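# A closer look at the structure
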Amino acid sequence: MASLKSILNTLIWAVLLLIITPAIAVSDEAFRNCVTTNGIRNVTSMQSKNYKILLDYSIQNLRFATSQIPKPNFIIIPQTNQQVQATVTCAGKGGYEIRVRSGGHSYEGTSSTAESPFVIIDLINLNAVKLDVATKTAWVGGGATVGEIYYAIAQNDGGFGFTAGSCPTIGVGGHFSGGGFGLISRMFGLAADNVVDALVVDAEGKLLNRKTMGEDFFWALRGGGGGSWGIVVAWQIKLVKVPPVVTSFSVPRHGVDNVAALMQKWQKVAPTLEKEFYLSVNLAAPNNTAMAATFNGMYLGRKPNMLKSLDSSFPELGIQANESREMSWIESVLFFSGLTGSDVSSLAARYDSNKLYFYAKSDYVSTPIPLDALAGAIKIFQEQPLGNAIFDPYGGRMWEISSDSIAFPHRAGNLFSIQYLVSWHDEKGDSEAYLAWLRKLHAFMEPYVSQNPRAAYVNYLDLDLGTVGKNSTSPVAEASKWGKRYFMDNFERLLQVKTRVDPHNVFRNVQSIPPDVRS
Ligand code: FDA
C-alpha cells in the first residue's frame, strides 16, 4: 500500500505541476503581433502558401513529414540573435511550446513536432561560419550544417579540419548538443569536445556566453542533448590541423562465415589502431542468403603507412593497394559523403533530395561479441526488411577524455558503438514491420552489449527507451529510464543544471531533461 509520505509527495507534485504548467490559451494573432512588433518579418503561419515547403524543407526523416504528424502554428526564421530572443519571449507569453531546428535530422522529430500548440524557430539563416586563422578557431551559427563548416574550411588554405559527423546536412545545433562523432574523433574527440564557447538564448530570452552562463550550463550544452537547455545561436569551435595527405577506402567483403570472422577480428583491432586510423564497418545483407560487410577506412597519413598498419594488425581483411586512395582531407569528406567528383561547394548544399523514412537504435560494446552471437545477428540481417548496422570504433582520443569532462559520457572502456538502422521509401510501406525488425535485432543483441544501464547515444534518439508526456506526474522518474542510458552518471548533474537554468521547462520535448522539483 502507498505510504502517507508517497501520497503527500504525489499531491505536492500535482500542485507544483499546476503552478509550472502555463495555462494560457494560445492566440495566433497576439503571437503574430508580438513577433512582428519585434521586427521579425519571416513569420509563416499554417495559412501561408509557403508553409508546407518551409516546414518540410529541413525534415530529414520523412516519418515526421506525414499529414498525421502535429504541425506548428508558426515557423519563425530569425535573422538575428535578438529575433531569437524576442521569439522565445513571445512564445512564452502566448503559451506555445518552442521547437528549435538546426539541420532537422532528429531521429524522432523533436525539432519539428510537439504534443501541444507550438512554434518552430528555424535557425536556417543563422548559418554563418567565420574562421579566425590566428586563433585557430571559428564562430559557427547555430543553424549551420557541418557541411557549411567543411566548406568554409576548404575556402581557407590553412591545413585545417574539424571533427564532426560525415553527413554534410547535419545541423550543428543538434549535432554538437549531443556530441558529434566523426571520422577523426579517434584523433581529436567529438565536435562537442572542441567547442570553446557558445552563445545561448536562455529560457528568459537572455543572450548568454560561456562566462555569463557559467561552467555548469556550458558543460550541459556539450553532450546533454539538443532541445533541453536553450537555443544555441552560435558555437565557437577549435579547428584541428590535418595532414596534407590522407588515405581513404571503402571495401566490401562478402560471405556469411567470412563476414562473421572478419567482424570478430575487427572488434579487437579497430579500437586499438593508432589514433590516426578510423576503421568502421557497415553490415548489411543484400538478400536472405548472402551477407556483406563494408569496411570504411580513413587514415590521417600516406597510403604506405596505412597499408603497413593494416597488414600487421588485420591481415585477414586482405586490403590491396588499389583498394585505397590518397587524397586531401576535404576530398575525404566528399568521399565519405558520397560526393566524390562534385565541387567542394556541394558540401554546403542544405537540401537532401534523397530523403527516407527511417528508424534507428544504438548500443555501446565493451567486450567483444562472441562469434556465435555475430552469426545469430547475421541471420536477423538476412530477414526482411533488410536493415543495416554501422559499427563505429572508439579508442584513441575518445578514451583519453574523462566521462564527465562534458555531458557526453561514453569514453574509456567502450570498444565501439553500434547504430542499427532500417529505412524505406514509400509512405505506404508498413512502418510497423520495419520497427519490428529493428526491435528484434536490438533485443537479440542485449546480452552482448553494455549493461546496467544498456547505454545509448543521444544523437541517435530512440523513443522506445521512454518518453515524458506533457501530463506526466513523475517526469524525473520517467526521464531516468532513458536519461541514464544516454548520459550515465552525468544524468544527475544534468537534472541539477536544468532545474537551475530552466525551472519552468520552457525548452522541452518528449525526451528532454526535465527540471527536478522533487525536493
Ligand atoms: P535537429 O534540427 O532536428 O535538432 C535535433 C535536436 O536538437 C532537436 O531536439 C532540436 O530541437 C535541438 N536543436 C537543434 N538546434 C538547436 C540549437 N541551436 N540549440 C539547441 N537545441 C537545438 N551523429 C553523429 O554523431 N555522427 C554522424 O556521423 C552522424 N551522421 C548522421 C547522418 C544522418 C543522415 C542523420 C539523419 C543523422 C546523423 N547523426 C550523426 C545524428 C545527428 O548527430 C543527430 O540527429 C543530431 O541531433 C542532428 O542535429 P540537427 O541539428 O541536424 O537536427
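Residues numbered from 1 in each chain as written. Predicted model: local features only at pLDDT ≥ 70, side-chain atom pairs only at ≥ 80, totals over all residues. Heavy atoms only, no water.

This part covers the overall build of the protein. Counting its regular elements, the protein contains 17 helices and 18 strands. Whereas a compact globule of 519 residues would reach a radius of gyration of roughly 24 Å, the protein reaches 23 Å, a difference of no more than 12%. For the protein, the C-alpha atoms occupy an extent of roughly 65 × 60 × 45 Å along the three principal directions. Every one of the 519 residues in the protein was classed for burial, and the buried ones make up 56%. For the protein, restricting intrachain contacts to residue pairs at least 6 apart in sequence, the fraction spanning at least 24 positions comes to 73%. By element, 54% of the accessible surface of the protein is carried by carbon and sulfur atoms, the whole surface being about 21200 Å². Here the protein carries 46 positive and 44 negative side-chain charges, and the mean point of each set is 3 Å from the other. (Helix = DSSP H or I, 4+ residues; strand = E, 2+ residues; numbered from the N terminus. Rg over C-alpha atoms; globule rule 2.2 N^0.38 Å. Buried < 20%, exposed > 50% of the residue type's maximum accessible area, 1.4 Å probe, protein only. Contact = heavy atoms within 4.5 Å. Areas by Shrake-Rupley, 256 points an atom, 1.4 Å probe, with all protein chains shown as cover. Lys, Arg positive; Asp, Glu negative; His and termini not counted. Charge placed at Lys NZ, Arg CZ, Asp CG, Glu CD.)

This part covers the confidence of the model for the protein. Counting all residues, the mean pLDDT for the protein is 94, and 95% of those residues have values of 70 or more. In this model residues 1-24 is a low-confidence stretch, pLDDT under 50, and it forms 13 contacts with partners more than four residues away in sequence or in other chains. (pLDDT = per-residue confidence, 0-100.)

All told, the structure shown has one disulfide when counted by the stated rule. Bridging cysteine 34 to cysteine 90, the disulfide has an S-S length of 2.0 Å. Here cysteine 34 and cysteine 90 share a disulfide; its torsion about the S-S bond, -75°, makes the bridge left-handed. One end of the pair, cysteine 34, is in helix α2 (residues 28-37); the other, cysteine 90, is in helix α4 (residues 81-94), with 56 residues separating them in the sequence. Using a relative accessible area of 2% as the deciding quantity, one classes cysteine 90 as buried. (Disulfide = S-S within 2.5 Å.)

It is worth spelling out the pairing of strand β17 (residues 388-393) at this point. With five of six residues buried, β17 is to be regarded as a mostly interior element. Pairing between strand β13 (residues 277-284) and β17: four bridges, direction antiparallel. Its bridge partner being in β17, valine 281 is matched across the sheet by phenylalanine 391. Of the strand pairs in this sheet, β17 and strand β18 (residues 416-424) are connected by six bridges, and their pairing is antiparallel. Within the sheet, the bridge partner assigned to alanine 389 lies in β18 and is tyrosine 420. (Pairing = 2+ DSSP bridges.)

Turning our attention to the domain arrangement of the protein. Domain assignment breaks the protein into domain 1 (4-122) and domain 2 (247-326 + 354-448). One C-alpha centre belongs to domain 1, the other to domain 2, and the line joining them spans 37 Å. On the side of domain 2, nine residues touch domain 1, which itself brings eleven residues to the contact. Buried surface at the junction of domain 1 and domain 2, summed over both partners, amounts to about 910 Å²; 56% is from carbon and sulfur atoms. The largest share of the area that domain 1 buries against domain 2 comes from Leu62, Arg63 and Tyr107, three residues that together contribute 59% of it. Taken together, domain 1 and domain 2 are joined by zero salt bridges. Where domain 1 packs against domain 2, one counts seven residue pairs in polar contact (both at pLDDT 80 or more). (Domains from an automatic or database assignment. Buried area = accessible area lost by both parts, 1.4 Å probe. Salt bridge = Lys/Arg side-chain N within 4 Å of Asp/Glu carboxyl O. Polar contact = N/O pair within 3.5 Å; in protein donor to acceptor, adjacent residues only side chain to side chain.)

Here the structure, examined in full by the defined rule, presents 22 salt bridges. A salt bridge links arginine 493 to aspartate 216; its shortest N-O distance comes to 2.8 Å. Taken as a pair, arginine 493 in helix α17 (residues 491-501) and aspartate 216 in helix α9 (residues 215-221) lie far apart in primary sequence, 277 residues in all. Across the pair aspartate 464 and arginine 439 runs a salt bridge, and its minimum N-O distance is 2.8 Å. Of this pair, aspartate 464 sits in the loop between α15 (431-445) and α16 (475-487) while arginine 439 sits in helix α15, and the two are 25 residues apart along the sequence. In the salt-bridge network here, residues are joined through shared partners; they are Lys361, Arg439, Asp462 and Asp464.

All right, on to the packing of α16 against α17 then. Between two packed helices, what matters for the description is the angle formed by their axes and the separation of those axes. It is the contact of α16 with α17, at a shortest axis distance of 9 Å, that shows an interaxial angle of 125°. In terms of their interaxial angle, α16 and α17 are classed as oblique. Together, Val476, Ala479, Ser480, Gly483, Lys484 and Phe487 of α16 and Phe491, Glu492, Leu494 and Leu495 of α17 make up the contact between the two elements. Residue classes in the contact of α16 with α17 are distributed as six nonpolar, two polar and two charged. (Axes fitted to C-alpha atoms, helices over the stretch in contact; angles between N-to-C directions. Parallel < 35°, antiparallel > 145°, perpendicular 65-115°, else oblique. Nonpolar A, V, L, I, M, F, W, Y, C, P; charged D, E, K, R; others polar.)

Now for the site of the ligand. Lining the immediate environment of the ligand, one finds 32 residues, of which Val100, Ser111, His175, Phe181 and Tyr457 sit closest. Within the backbone of glycine 104, a nitrogen or oxygen atom sits 2.8 Å from an oxygen atom of the ligand. Contacts to the ligand include glycine 227, whose backbone N or O atom sits 3.2 Å from a nitrogen atom. When residues of the shell around the ligand are traced back to their parent elements, those giving at least two are β3 (97-101), α6 (172-178) and β10 (231-238). In terms of residue count, the dominant contributor to the shell around the ligand is α6 (three residues). Counted by class, the shell around the ligand contains eleven nonpolar, 20 polar and one charged residues. (Near = heavy atom within 4 Å.)

It is worth spelling out the side chain of serine 112 at this point. Considering the arrangement of structural elements, one finds serine 112 in the loop between β3 and β4 (118-122). In this structure serine 112 comes out as buried when scored by relative accessible area, which is 5%. Serine 112 has contacts with Ile59, Phe64, Pro70, Pro72, Arg101, Phe118 and Ile120, leaving out every residue within four places of it along the chain.

Three or more residues of helix α13 (residues 371-381) are buried, namely Ala373, Leu374, Gly376, Ala377, Ile378, Ile380 and Phe381. Residues of α13 that are buried in the fold lie against α10 (256-269), β13, β17 and α15.

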